[in-house]
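Chain and residue survey
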Amino acid sequence: MCGIVGYIGNKKASPILLNGLSYLEYRGYDSAGIAVIEVNDIVVKKDKGRVKNLSSLNGINELKSSIGIAHTRWATHGKPSMENSHPHMDNSSTFCVVHNGIIENYNELKEFLISKGYNFISQTDTEVIPNLIHYHYYNKCKSSENRFLCAVKSAINDLVGSYALEIISNLYPDRIIVVRKDSPLVIGKSENENYISSDIPAILSYTKNFYLLDDNEFAVIYNDHIDFFDENLCMHNKEIKNIEWSASAADKNGFEDYMLKEIYEQPQAIRETIGTKLSNETSCLFDDLKISADYLKTINKIYIVACGTAMHAGLVGKTLFEKLCKIQTEVDIASEFRYRNPIIDDKTLCIYISQSGETADTIAALKLAKLNGARTLAISNVIGSSITREADYTIYTHAGPEIAVASTKAYTSQVVLIAILAIFFAELLGSCDKNIISELKSDIIELPIKIEELLNNVDKIKEFAKTVYTQKDMFFLGRGIDYCTAMEGSLKLKEISYIHSEAYASGELKHGPIALIENGIIVIGIITDSNLVEKSISNLQEVITRGAKTLIITNQNIGNLNFDNVINIPSTNALISPILAIIPLQLLSYYISKNKGLDVDKPRNLAKSVTVE
Ligand code: AGP
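Description of the structure in this document. Given the structure is predicted, the values throughout are model-derived calculations rather than measurements.

What follows covers the state of the cysteines. Counted under the stated rule, the structure contains one disulfide. Summary of cysteine pairing: C325 is not part of a disulfide, and the nearest cysteine sulfur, belonging to C432, is at 8.1 Å.

Set out below in structure tokens:
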């Protein structure tokens, strides 16, 4: 949940580190710090608060070094403070570390180190690491040929938990050592300089050539070369990957916030995600997905497992797989799935959805399914992310980097990709009428144009946001597939506007929650399924009678009823209507948040990828 950056080369390191951190702030933003080696001494500058506070610290602009590491923090152990900010040093100021992840046995390690005479300044789990490195350097690794690496490796052997680590030492001012386990880390290679980061976009303006470090793999990074070692410290060669994203993909490109930019990128993100996989003339085709009809015929259940917005995309997927493929499909929250002994075996296909591909619960849930003999398929937006390395099969959304904490283009791209996957399965199984599939394909192909239409007409939603941004509570109601949209709309509102909201299946309201409906409360109704129009309208009338003010998002003919506000969206197949219905709701949350003067891209208490449990 933290962001780390590193640089070694021939340029001044500090501006590069600060620039990288500003891109990684979405991963955590309660404190930030950098460490560089200035004439054989490690200099650390850090404080609580955002990267811009760090940039204005005394002396930071005077740092001349061309080797350094940096960190932006989302506090887990110890409150945001200067002492708890990274980087952390050992007692002798010889080894300096930044860490993303959690060390579960840090108390035990701390006690051991205290018994050996070490002191601790912070409450963090991380501070044990530089001290352990120091301990091993002067004990176990005294006579090792590669003494620095030996000390790092020995320290790693003591750790239980997750980590992406960058380590520098004033004894070795020509190198940075990095290692990871269950937390992301990439190395960007350039001419006589190398970059390190938690994700690709943060350093995309410097290079397009990346090494994606594996779990338990070490890299010793110099300015002109990199040595890779496996967990037994045997050196090996590593393949470099060329990443095609353009550097501007990680910029705001004239938009006020990343979230707004990403909302407007949805037509393109969907076009890229459709790619060549779907066309009206031929059957769906996934280039690298070696799933056969014979295998699909053996499946009796699909599980879709994910967290947050990705889980909401999974809920739409359930309807698609059940309707088109006639395979029973269950959706579960990853943090629940992993601890409830789900019934899975070799006849279960488990699909994991994760924009970042680094969500700890989703990865653990995937590992569990593998242990139980199920095949696993990952859907991710990040090439080479952890989830894609664990899964038997991977397919990618091509939404481009998503920086805003609130997910928008990743969600709509996920739903599109799952729809194409369900069609692909249905075509292999012959489980669905060809005309239904053909119409659905046309509807998917038309989605980008329809989203553009929606994005060209935002005035009504902007106006509505102005009238409701002071509300304390809101309700989102929908039936069938519209209930999925209600849930996603409600999550968007909560996370960036801090307005309490609930999503309900409209028919369920009268079983309790209707007691909360009082004069003036805002109820947002979604109606896109022609089979459920009358029923949805009746449920909405029940809340209007009790004083609710309504906003209806619909592509159905709902007549001239007593709704306060209606937003008409383009018509499409109900199975994929969440992709269109969510657009006004994304915008509503965005404009409410702006009206409240909040930080849209970095809402309080949140981080973009939740790499801890
Ligand atoms: C989305 O707006 C949220 N910030 C959050 O629910 C997110 O979707 C969830 O944490 C899952 O992330 P992932 O897709 O990277 O696994």
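After that view, the rundown keeps rolling.
Attention now goes to the packing of helix α16 (residues 481-497) against helix α18 (residues 577-595). At a closest axis distance of 9 Å, the pairing of α16 and α18 adopts a crossing angle of 20 degrees. In terms of their interaxial angle, α16 and α18 are classed as roughly parallel. Here the hand of the crossing between α16 and α18 comes out right-handed. Where α16 abuts α18, its residues I481, D482, T485, E488, G489, K492, L493, I496 and S497 lie against S577, P578, A581, I582, L585, S589, Y590, I592 and S593. Its residues assigned to classes, the contact of α16 with α18 shows nine nonpolar, six polar and three charged.

The next thing to look at is the site of the ligand. Within the structure, the ligand sits among 14 residues, and S354, Q355, S356, T359 and E495 are positioned closest to it. Within the backbone of T309, one N or O atom sits 3.2 Å away from an oxygen atom of the ligand. Take V405: an N or O atom from its main chain is 3.0 Å from a nitrogen atom of the ligand. When isolated, the ligand has an accessible area of 410 Å², and the protein chains bury 90% of it. Looking at the shell around the ligand, the elements that each hand over two or more residues are α9 (308-325) and α16. For the shell around the ligand, the class distribution of residues is five nonpolar, seven polar and two charged. Mapped onto the domain boundaries, the shell around the ligand takes at least three residues apiece from domain 2 (252-455) and domain 3 (459-595).

Inspection of the entire model under this criterion finds 27 salt bridges. With a shortest N-O distance of 3.5 Å, K602 and E25 are connected by a salt bridge. Note that K602 is positioned in the segment after α18 and E25 in the loop between α1 (13-24) and β2 (31-38), a separation of 577 residues in sequence. Each member of the pair, K602 as well as E25, is classed as buried. Note that E322 is salt-bridged to K318, the shortest N-O span being 3.2 Å. Taken together, the residues span about one helical turn, with E322 and K318 both in helix α9 at a distance of four residues. Residue E322 is classed as partly exposed on the basis of its relative accessible area, which comes to 30%. Overlapping salt bridges bring together D214, E217, K238 and R389 as one network.

We now examine the pairing of strand β7 (residues 161-169). Of all nine residues in β7, nine are buried, a share of seventy percent or more. Burial along β7 is two-sided: the residues G161, Y163, L165, I167 and S169 and S162, A164, E166 and I168 are all buried. Sheet topology note: the strand β6 (residues 95-103)/β7 ladder contains nine bridges and is antiparallel. Within β7, the residue paired with V98 across the bridge is E166. Looking at chain direction, β7 and strand β8 (residues 172-181) are connected through five bridges and run antiparallel. When the bridges of β8 are listed, L165 appears paired with V179. Where β7 folds back on β8, the antiparallel hairpin that results is connected by two residues.

Criteria and cut-off values
- Residues numbered from 1 in each chain as written.
- Predicted model: local features only at pLDDT ≥ 70, side-chain atom pairs only at ≥ 80, totals over all residues.
- Heavy atoms only, no water.
- Disulfide = S-S within 2.5 Å.
- Axes fitted to C-alpha atoms, helices over the stretch in contact; angles between N-to-C directions.
- Helix = DSSP H or I, 4+ residues; strand = E, 2+ residues; numbered from the N terminus.
- Parallel < 35°, antiparallel > 145°, perpendicular 65-115°, else oblique.
- Left-handed = near helix turned anticlockwise from the far one by under 90°.
- Contact = heavy atoms within 4.5 Å.
- Nonpolar A, V, L, I, M, F, W, Y, C, P; charged D, E, K, R; others polar.
- Near = heavy atom within 4 Å.
- Polar contact = N/O pair within 3.5 Å; in protein donor to acceptor, adjacent residues only side chain to side chain.
- Areas by Shrake-Rupley, 256 points an atom, 1.4 Å probe, with all protein chains shown as cover.
- Domains from an automatic or database assignment.
- Salt bridge = Lys/Arg side-chain N within 4 Å of Asp/Glu carboxyl O.
- Buried < 20%, exposed > 50% of the residue type's maximum accessible area, 1.4 Å probe, protein only.
- Pairing = 2+ DSSP bridges.

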